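Residue-level listing of the chains:
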Amino acid sequence: MLAGKKVLVGITGGIAAYKTAEVVSRLRKLHAEVHVAMTKSATEFITPLTLRSLSANPVYVDLFDEPKLWNVEHIALAEHVDAVIVAPATANFLAKIAIGLADDFLSTVLLATRAPIFVAPAMNQAMYLHPATQNNLTCLRERGVKIIGPGTGFQACGTDGIGRMTEALEIVETLAQFLSSRKLLKGKKALVTAGGTQEPLDPVRYLGNRSSGRMGYAIAQALQEAGAETTLISAPTDLATPSGVNRVSVHTALEMFEAVLSRFPEVDVVIKAAAVADFRPAVQAEQKIKKNGSNRVLELVPNPDILAELGRRKTSQVLVGFAAETENLLANAEDKMRRKNVNLLVANDVTKQGAGFGSLTNIVSFLFPDGRKIDFPQMSKHEVAQHLIREIANLLGVESKE
Ligand code: C5P
């Protein structure tokens, strides 16, 4: 299943390091080429010899060792691999990579690689729940690092709680699923919209919404990783453009309309994750509006519905819409799916805890015009994006390589 795929397994110094031997062994059984890099403290828990035997490759620990395979090994390895998994990832190691430290072999490779990075945190629950660790995980997630687990249960320190490393089987399944869908959309052109549009009232004010852009950015990254040539039409957000994605910045719904419609004929798939303002101020004041103690009435005019327009114009393109609702989720979403003529509608109740605007996670359902419906549990926006890629590939008639 993973023949031809090259995986770097990073091991840091936690007691769960013994479980990583099984990760390496399972990856090899799936025919992946496995390289292992360990931090110094990881070698206190499990020997490099074990990993060398299981991976059938030299194990990297010290940045200044004699070269084993290449000349500048950390760079060569960084460029060579298709994915990196750090398991277990200790609190200390997460902190290091969150700020970009590179003081040993593994952290240096992580800074140099462009390959997707997975981490499987493992630590005592107090350390895991500490705001410092949580901030580091948020920072890494926003940078596109994929976090696997941790799970809840008995911990080596004798307590019960969150912080157990995810089991080897699940880690390997997550990696295998990701790597096998990697080039699923190769040769396809994708357009994603993200963020909340801003409709100016005067030179300093605008009407906006609470969209963070996270869902759309996660989708753009997943499309790019699946091999699609990806353009992201983005309303203002604080997020970094995922690497390899072509970003076009817009402010208003009208600008987004132009940017999307002009590219529509050449693309295979459009995902409209942006929160587009339905109305804009009828006039934009040239100077800052002054208060004068009396009421002010704001006249709004409707913006074009970009998705509905795409639905009217579409030929062979796959169209994916979003429905962020605060009431009657399913009825509103189904109505939207038909009115806008989309192939897949992602519905989410934005009033739910762990879903919608600003949240790192989402709780969604996929609705299809043939009546099919898939309900997902709460998951990260990056995981939602992975599921979306698979459905888009199906809708485009792309054969899954699984
Ligand atoms: O009708 P509603 O705004 O709830 O529909 C949401 C979907 O329609 C989203 O996919 C959104 O990006 C898209 N939309 C649009 N243009 C608008 C309003 C919404 O493309 N003016």
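Residues numbered from 1 in each chain as written. Predicted model: local features only at pLDDT ≥ 70, side-chain atom pairs only at ≥ 80, totals over all residues. Heavy atoms only, no water.

### As for the overall build of the protein chain
Quick reminder of the rule: Secondary structure elements are defined from DSSP: runs of H or I of at least 4 residues count as helices, runs of E of at least 2 residues count as strands, and each element is numbered from the N terminus. All radius of gyration figures rest on C-alpha atoms, and the globule criterion is 2.2 Å times the number of residues raised to 0.38. Partly exposed describes any residue whose relative accessible area lies between the buried limit of under 20% and the exposed limit of over 50%, with all areas from a 1.4 Å probe on protein chains only and scaled to the type maximum. A contact between two residues is defined here by any heavy atoms of the two lying within 4.5 Å. Surface accessibility in these figures is a Shrake-Rupley result with a 1.4 Å probe; residues are shielded only by whichever protein chains are displayed. Here the positive residues are Lys and Arg and the negative ones are Asp and Glu; neither His nor the chain ends is included. Lysine's charge is taken at NZ, arginine's at CZ, aspartate's at CG and glutamate's at CD.
Looking only at helices and strands, one finds 14 helices and 22 strands in the protein chain. Against the globule reference of 21 Å for 402 residues, the protein chain gives a C-alpha radius of gyration of 23 Å, in line with a compact fold. A principal-axis box enclosing the C-alpha atoms of the protein chain has dimensions of 75 × 50 × 40 Å. Expressed as a percentage of its 402 residues, the buried residues of the protein chain come to 52%. Residue pairs in contact within the protein chain that sit at least 24 positions apart in sequence constitute 67% of those at least 6 positions apart. When the accessible area of the protein chain is evaluated, it comes to approximately 18,900 Å², of which 50% is carbon and sulfur surface. The distance from the centre of the 44 positive side-chain charges to the centre of the 41 negative ones in the protein chain is 2 Å.

### So, the environment of Val267
By the element assignment, Val267 lies in the loop between α11 (253–263) and β14 (269–272). Sequence separation of Val267 and Lys188 is 79 residues, and the distance between their C-alpha atoms is 7.5 Å. Leaving out residues up to four positions away in the same chain, Val267 has contacts with Lys189, Leu191 and Gln317.

### Some details on the pairing of strand β20 (residues 364–367)
The test is simple: Between any two strands, pairing holds if DSSP finds at least two bridges.
Of the two faces of β20, the one carrying Val364 and Phe366 and the one carrying Ser365 and Leu367 are both buried. Across 4 bridges, strand β18 (residues 344–349) lies against β20 in antiparallel orientation. Within the sheet, the bridge partner assigned to Ala347 lies in β20 and is Ser365. One ladder, built from 3 bridges, connects β20 with strand β21 (residues 373–375); its direction is antiparallel. When the bridges of β21 are listed, Ser365 appears paired with Asp375.

### Quick word on the packing of aromatic side chains
For clarity, the cut-off: Only Phe, Tyr and Trp rings are paired, with Trp represented by its six-membered ring, and only when their centres lie within 6.5 Å; those with planes under 30 degrees apart are stacked, over 60 edge-to-face, the remainder tilted.
Following the criterion strictly, the structure yields 3 aromatic pairs and no others. Measuring from centroid to centroid gives 4.7 Å for Tyr60 and Phe105, while their planes differ by 10°, and the two rings are stacked. With Tyr60 in strand β3 (residues 59–60) and Phe105 in helix α6 (residues 105–112), this residue pair connects regions lying 45 residues apart in the sequence. Of the two residues, Tyr60 and Phe105, both sit in the buried class.

### Side note on the domain arrangement of the protein chain
Rules: All the domain ranges listed were derived from an automatic or database domain assignment. Buried area: the sum, over both parts, of the accessible surface (1.4 Å probe) that disappears when the two are put together. Put simply, a salt bridge is a Lys or Arg side-chain nitrogen that is within 4 Å of an Asp or Glu carboxyl oxygen. Think of it as three bins: nonpolar holds Ala, Val, Leu, Ile, Met, Phe, Trp, Tyr, Cys and Pro, charged holds Asp, Glu, Lys and Arg, and polar takes everything else, Gly as well.
Under the domain assignment used here, the protein chain contains domain 1 (6–180) and domain 2 (189–395). When each unit is reduced to the centre of its C-alpha atoms, the spacing between domain 1 and domain 2 is 34 Å. Across the boundary between the two partners, domain 1 contributes 9 residues, which contact 7 residues of domain 2. Taken together, the two surfaces of domain 1 and domain 2 that pack against each other cover about 770 Å², and 52% of this comes from carbon and sulfur. Where domain 1 meets domain 2, there are 1 salt bridge. A salt bridge links Lys146 to Glu225; the shortest N-O distance between them is 3.4 Å. For the side of domain 1 that touches domain 2, the secondary structure elements donating two or more residues are α8 (131–142) and α9 (168–180). Among the residues forming the side of domain 1 that touches domain 2, the class breakdown is 2 nonpolar, 4 polar and 3 charged.

### Considering the site of the ligand
Quick note on the threshold: Residue proximity to a molecule or strand is established when one non-hydrogen atom of the residue lies within 4 Å of it. As used in this structure description, the phrase polar contact means that two N or O atoms lie within 3.5 Å; if the pair is within protein, one of them must be able to donate a hydrogen and the other to accept it, and residues adjacent in sequence are counted only when both atoms belong to side chains.
What surrounds the ligand is the set Lys272, Ala274, Val276, Asp278, Pro304, Asp305, Ile306, Leu307, Gly321, Phe322, Lys336 and Lys340. Residue Ala274 places a main-chain N or O atom 2.7 Å away from an oxygen atom belonging to the ligand. Separating an oxygen atom of the ligand from a backbone N or O atom of Leu307 is a distance of 2.8 Å. Contact with the protein chains removes 88% of the 440 Å² of surface that the ligand exposes when unbound. Within the residue set of the shell around the ligand, elements represented by two or more residues are α12 (306–313) and β17 (318–325). By residue class, the composition of the shell around the ligand is 6 nonpolar, 1 polar and 5 charged.

### Quick look at the sheet that holds strand β1 (residues 6–11)
This is how it is decided: In this analysis, axes come from line fits to C-alpha atoms, helices being fitted only over the stretch in contact, and the angle between any two N-to-C directions falls in the range 0 to 180 degrees.
With parallel pairing, the 6 strands of this open sheet are ordered in space as β3-β2-β1-β4-β5-β6. Two strands lie at the open edges of the sheet, namely β3 and β6 (146–147), each paired on one side alone. Where strand β2 (residues 33–38) lies against β3, 2 bridges are found, and the strand directions are parallel. For Val36, the partnering residue across the bridge sits in β3 and is Val59. Most of the contacts of helix α3 (residues 48–55) go to β2, to which it runs at about 170°, and overall it touches β1, β2 and β3.

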